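Architecture and fold: a report
Spelled out from the first residue to the last, the chains are:
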Amino acid sequence: MQTDLRNLAQKIGELESEADEHGLVLNTLEEALAEEPNRKCFRLIGGVLVERTVKDVVPALQMNREGIRKVISNLAEQYKSKEEDFDTFKQDYGVRPVSST
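Computed from a predicted structure; not experimentally measured.

Looking only at helices and strands, the chain features two helices and two strands. Listing every helix and strand of the chain by position from the N terminus yields α-β-β-α. Computed over its C-alpha atoms, the radius of gyration of the chain comes to 20 Å, more than 25% above the 13 Å expected for a compact globule of 101 residues. Once the C-alpha set of the chain is aligned to its principal axes, its extents read approximately 65 × 25 × 25 Å. Expressed as a percentage of its 101 residues, the buried residues of the chain come to 23%. Considering only intrachain contacts with a sequence separation of at least 6, the fraction spanning at least 24 residues in the chain is 59%. Carbon and sulfur atoms make up 50% of the accessible area of the chain, which totals about 7,800 Å². Charge-centre separation for the chain: the mean point of 14 positive side chains lies 3 Å from the mean point of 19 negative side chains.

See below:
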């Protein structure tokens, strides 16, 4: 159970950092979108670098970021549920953490 909690927390952290990276890229591209929407930009899709325009890439990045946020919220709910189950298990069976001293 603790391993599941750690794995969920790790995955949430990874996804949060990915969402932050999407945000940084979007901030940069939105400036370019306002000034020069047909400007070339490159996007890595499945290991292949693809040339697109800023006006094509920005909506896709926004959609990806929203999808990541939804996954993060789902994982956070799963984490809370598993944490409650683990706390109930510890109370039911009198399990307490072992001190390292």
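So, next bit.
This next bit is on the packing of aromatic side chains. Summed over all chains, the structure comprises one aromatic pair. Both rings, one in Phe89 and one in Tyr93, keep their centres 4.9 Å apart while their planes meet at 45°; by these two values the pair is tilted. Highlighted residues: Phe89 and Tyr93, both in helix H2 (residues 54–93), separated by four residues, approximately one helical turn. The class for Phe89 is partly exposed, based on a relative accessible area of 35%. By relative accessible area, which is 61% here, Tyr93 ends up exposed.

Here we take up the pattern of salt bridges. Pairing between side chains of opposite charge can happen when their charged atoms approach one another. Counted by the stated rule, this structure contains five salt bridges. Among the ionic pairs, Arg69 bridges to Glu66, the shortest N-O distance being 3.2 Å. Of the two residues, Arg69 and Glu66 both sit in helix H2, three residues apart, roughly one turn of that helix. The class of Arg69 is partly exposed, set by a relative accessible area of 41%. Taking relative accessible area as the criterion, Glu66 reaches 37% and is therefore assigned partly exposed. Note that Lys90 is salt-bridged to Asp87, the shortest N-O span being 3.7 Å. Here the residue Lys90 and the residue Asp87 both occupy positions in helix H2, the gap between them amounting to three residues, near one helical turn. Note on Asp87: relative accessible area 34%, which makes it partly exposed.

Reading the values: the criteria
Residues numbered from 1 in each chain as written. Predicted model: local features only at pLDDT ≥ 70, side-chain atom pairs only at ≥ 80, totals over all residues. Heavy atoms only, no water. Helix = DSSP H or I, 4+ residues; strand = E, 2+ residues; numbered from the N terminus. Rg over C-alpha atoms; globule rule 2.2 N^0.38 Å. Buried < 20%, exposed > 50% of the residue type's maximum accessible area, 1.4 Å probe, protein only. Contact = heavy atoms within 4.5 Å. Areas by Shrake-Rupley, 256 points an atom, 1.4 Å probe, with all protein chains shown as cover. Lys, Arg positive; Asp, Glu negative; His and termini not counted. Charge placed at Lys NZ, Arg CZ, Asp CG, Glu CD. Phe/Tyr/Trp six-rings, centres within 6.5 Å; stacked < 30°, edge-to-face > 60°. Salt bridge = Lys/Arg side-chain N within 4 Å of Asp/Glu carboxyl O.

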